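# Commentary on secondary and tertiary structure
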Number of protein chains: 2
Amino acid sequence: MEKRKVVLGIDVGGTNTVFGLVEKSGFLSYRGRIDTRGQAGAQQLFDRLFELFNKDYQSLSGNFELCGVGIGAPNANYYKKTVENPPNLNWGFVKMDKMVEQFVELPMAITNDANAAALGEMMYGAARGMKHFIQITLGTGLGSGIVVDGKLVYGFDGFAGELAHTIVFKNGRQCGCGSRGCLETYASATGIKRTAFELLALENAASELREFSFNKMTSRMIFEAALRNDPIAVEAFELTGKILGEALANSVAHLSPEAVILFGGLASAGELITRPTKKHMEKNLFHAFRNRVQILLSSLPEADAALLGSSALIWQELQ
Amino acid sequence: MEKRKVVLGIDVGGTNTVFGLVEKSGFLSYRGRIDTRGQAGAQQLFDRLFELFNKDYQSLSGNFELCGVGIGAPNANYYKKTVENPPNLNWGFVKMDKMVEQFVELPMAITNDANAAALGEMMYGAARGMKHFIQITLGTGLGSGIVVDGKLVYGFDGFAGELAHTIVFKNGRQCGCGSRGCLETYASATGIKRTAFELLALENAASELREFSFNKMTSRMIFEAALRNDPIAVEAFELTGKILGEALANSVAHLSPEAVILFGGLASAGELITRPTKKHMEKNLFHAFRNRVQILLSSLPEADAALLGSSALIWQELQ
């Protein structure tokens, strides 16, 4: 029997690391998950990961041919195959090719989570068949991946696509990066909470959100309140979409994409976020781009998107 | 004797159209110029152009082998090989491949002037050897060309790189495009004049610029006044560089270029424009990009840049 070609996809998260065997079709034939234990460094994570994986793979290997290892990780540099001081992991500077070499001698590639999501979208999701698009991940922060001519844009030093830290309000909200007014302080799960708090201070409308402290409130609560037509929650989505849409109009002027694809926690609010985003993007677009750029929701299953994306890294390179 | 391979480069301007034979090395072995006569349409221009060119070429053709025709023109679409309603020419919609076919049957390519300048810079100018850069033309308006992985970014429909119409001030200056606050209303020859007028209204400092009406003042006057340390003129350059630098910080976050190259009339002010641009770009950059992106002046001779760029279009395609 012919063996099935698979890539080992690994997605390193702040809390969990998931991994799996992905066929080129996107079929996930094996899945694993371990704690990341970010404080203990990278070596211990990969020791534990490959111990578990190798044991499982023994029982599968008759059926599979492993073709490579694709990794999605925070602060990953595609060119240098490094991870450099990721914000929530006590890793410092890690050469990931050397790390993986200890376990398997196969092609390996690495990129950050947002770029991996964009690749996954292009191979398996809402961007199938597109050659020019922007993928925006609206999670705790904002991640973005830019695809031009069917390829991810890494730029001169591997860090292109940092839309999170484009400045949308001079002297605006304080950002974790040290600047003020960065897009991700407005357009993200954290950003919409900050917007809700501004609105609670600004307006007198009754709102169920008045019951929650800053530390207790989540973007999920705002979403559910908006579904019940809570005026503060509805307005928070409207403003979030407005700021995101205005920023995207400028991104479109740079790149002329076919679509912008929204992914991640906040994107699961669907129309609540896409409608104001589209409206305010259109309002600010240069006329050559009007009514030409779609705002789409990701069609990747959120649980598997990172794995699909990191394995897509290898499938793209093997092409 | 072996014939020299050349491309016919054509640069269609609002007033003049220049054309020439360009070798791959950038050597210009023949140059011509005619009035554009924008009101009379495209056909008459190309009739006159090829009549003149063919006559001259007869006397040269023993030495040259013509390999293609590269055209730089306003509102040119690279993919469709069209020119679509250029602002200063009464052309409407023109299929440029059909236009050129009447005269020569050779590979032809077309793009807008700013993209052509970026290509020229990459083949012959300050961006030689670079694979990731942004070219900004600071003329009457602002033009821009984006290069990623050694190739111009055209985007989904051929109109990428419209940084002129990214909005940098909500409800800011009125722009010819119908919007307000577009970058080119600040960072261009016209933009710096508007800034000087704002400053003349805002400040009491004595200035030689107080002698000129809006219609009489030119960016050249502001430049010369700044060289004499005129406080309004100096501040006008400072503010222009600030707004351009802030906008470029956001462009860098998208694209992670190796350099931004400034070209055109305002760029000839040199340090007066590059110093504040660099300073304010750095101030607004995400830390991953700080001290990594150069601001350079074009090294193309301004008179030949458009010809070099439009012929580079063909040399790139023949590679």
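Rules and cut-offs
Residues numbered from 1 in each chain as written. Chains lettered and ligands numbered in written order. Predicted model: local features only at pLDDT ≥ 70, side-chain atom pairs only at ≥ 80, totals over all residues. Heavy atoms only, no water. Helix = DSSP H or I, 4+ residues; strand = E, 2+ residues; numbered from the N terminus. Rg over C-alpha atoms; globule rule 2.2 N^0.38 Å. Buried < 20%, exposed > 50% of the residue type's maximum accessible area, 1.4 Å probe, protein only. Contact = heavy atoms within 4.5 Å. Areas by Shrake-Rupley, 256 points an atom, 1.4 Å probe, with all protein chains shown as cover. Buried area = accessible area lost by both parts, 1.4 Å probe. Salt bridge = Lys/Arg side-chain N within 4 Å of Asp/Glu carboxyl O. Polar contact = N/O pair within 3.5 Å; in protein donor to acceptor, adjacent residues only side chain to side chain. Nonpolar A, V, L, I, M, F, W, Y, C, P; charged D, E, K, R; others polar. 1 Å grid on protein atoms, 1.4 Å probe; cavity = no way out; pocket = protein on both sides within 12 Å on 5 of 7 lines; lining within 4 Å. Points joined across faces, edges and corners; volume = space filled by probe spheres on them. Pairing = 2+ DSSP bridges. Right-handed = clockwise from strand over helix to strand, strands pointing away. Least-squares fit on C-alpha atoms with pLDDT ≥ 70 in both. Phe/Tyr/Trp six-rings, centres within 6.5 Å; stacked < 30°, edge-to-face > 60°. Lys NZ or Arg CZ within 6 Å of the ring centre and 35° of its normal. Axes fitted to C-alpha atoms, helices over the stretch in contact; angles between N-to-C directions. Parallel < 35°, antiparallel > 145°, perpendicular 65-115°, else oblique. Left-handed = near helix turned anticlockwise from the far one by under 90°.

### What to know about the overall build of chain A
- Along the backbone of chain A there are 8 helices and 13 strands.
- The C-alpha atoms of chain A give 20 Å as radius of gyration, which agrees with the globular expectation for 319 residues (20 Å, within 12%).
- Counting only C-alpha atoms, chain A reaches 65 × 45 × 35 Å along its principal axes.
- Expressed as a percentage of its 319 residues, the buried residues of chain A come to 61%.
- Contacts spanning at least 24 positions in sequence make up 61% of the contacts within chain A whose residues lie at least 6 apart.
- Looking at chain A as shown, the accessible area adds up to about 13,300 Å², and 49% of this sits on carbon and sulfur atoms.

### Concerning the interface of chain A and chain B
- On the side of chain B, 39 residues touch chain A, which itself brings 39 residues to the contact.
- Taken over both partners, the interface formed by chain A and chain B buries close to 3,500 Å², and the fraction arising from carbon and sulfur atoms is 57%.
- On the chain A side of the contact with chain B, Phe156, His254 and Phe286 of chain A bury the most area, a combined 20% of that side's loss.
- Connecting chain A to chain B are 4 salt bridges.
- Glu246 of chain A is the salt-bridge partner of Lys170 of chain B, the closest N and O atoms lying 2.7 Å from each other.
- For the pair chain A and chain B, the interface holds 18 residue pairs in polar contact (both at pLDDT 80 or more).
- Those elements that place two or more of their residues in the side of chain A that touches chain B are strand S10 (142-148) and helix H6 (231-255) of chain A.
- Counting residues per element, the side of chain A that touches chain B draws most heavily on H6 of chain A, at 6 residues.
- Within the side of chain A that touches chain B, the residues separate by chemical class into 19 nonpolar, 13 polar and 7 charged.

### Let's talk about empty space enclosed by the protein
- Per the counting criterion, the structure on display carries 1 cavity of 30 Å³ or more.
- Every residue lining the largest cavity is listed: Val148, Asp149, Lys151, Leu152 and Val153 of chain A together with Val148, Asp149, Lys151 and Leu152 of chain B.
- Listed by contribution, the elements that provide at least two residues to the lining of the largest cavity are strand S11 (151-152) of chain A together with strand S11 (151-152) of chain B.
- Considering only residue class, the lining of the largest cavity consists of 5 nonpolar, no polar and 4 charged.

### A short note on the pairing of strand S12 (residues 259-263) of chain B
Residues and elements named next belong to chain B.
- Of all 5 residues in S12, 5 are buried, a share of seventy percent or more.
- Going residue by residue along S12, you find Ala259, Ile261 and Phe263 tucked away on one face and Val260 and Leu262 tucked away on the opposite face as well.
- Pairing analysis gives 5 bridges linking strand S9 (residues 133-138) to S12, with the strands arranged parallel. Among the inter-strand pairings, Phe133 is bridged to a residue of S12, identified as Ala259.
- Of the strand pairs in this sheet, S12 and strand S13 (residues 294-297) are connected by 4 bridges, and their pairing is parallel. Note on S13: the bridge partner recorded for Ala259 is Gln294.
- Crossover connection from S12 via helix H7 (residues 271-284) to parallel S13: handedness right-handed.

### Side note on the sheet that holds strand S5 (residues 76-77) of chain A
Residues and elements named next belong to chain A.
- The sheet built from 3 strands is open, its strands ordered S5-S6-S7 with antiparallel pairing. One side of each edge strand has no neighbouring strand; the edge strands of this open sheet are S5 and strand S7 (93-95).
- Summarising the sheet, strand S6 (residues 82-84) and S7 pair through 3 bridges and their orientation is antiparallel. Bridge pairing in S7 places Glu84 opposite Phe93.

### Points about the side chain of Thr17 of chain B
All names here are of chain B.
- Along the polypeptide, Thr17 turns up in strand S2 (residues 16-22).
- A polar side-chain atom of Thr17 sits 2.8 Å from a polar atom in the side chain of Thr36.
- Apart from the residues lying within four places of it in its own chain, the contact partners of Thr17 are Ile10, Asp11, Val12, Gly32, Arg33, Ile34, Thr36, Leu45 and Leu49.

### Some details on the relation of the copies chain A and chain B
- You can overlay chain A on chain B at an RMSD of 0.0 Å; the transform is a turn of 180° with a shift of 0.0 Å along its axis. The transformation relating the two chain copies, once decomposed into turn and shift, fits a two-fold axis.

### Overview of the packing of aromatic side chains
- Tallied over the entire structure, the rule returns 24 aromatic pairs over all chains.
- Clustering of aromatic rings is evident, with ring pairs tying together Phe19, Tyr30, Phe46, Phe50, Phe53, Tyr57 and Phe103 of chain A.
- The ring of Phe169 of chain B carries Lys170 of chain A above its face, with NZ or CZ at 4.8 Å from the centroid.
- Over the aromatic face of Phe214 of chain A sits the side chain of Lys193 of chain A, whose NZ or CZ is 4.2 Å from the ring centroid.

### Focus: the packing of helix H4 (residues 189-202) of chain B against helix H6 (residues 231-255) of chain B
Residue and element names in this part refer to chain B.
- Contact pair H4 / H6: the axes reach a minimum separation of 9 Å and the direction vectors enclose 125°. Between H4 and H6, the angle falls in the class oblique. Classified by chirality, the crossing of H6 by H4 is right-handed. Where H4 approaches H6, its residues Ile192, Thr195, Ala196, Leu199 and Leu200 are matched on the opposing element by Ile232, Glu235, Ala236, Phe237, Leu239 and Thr240.
- Split into classes, the residues belonging to the contact of H4 with H6 amount to 8 nonpolar, 2 polar and 1 charged.

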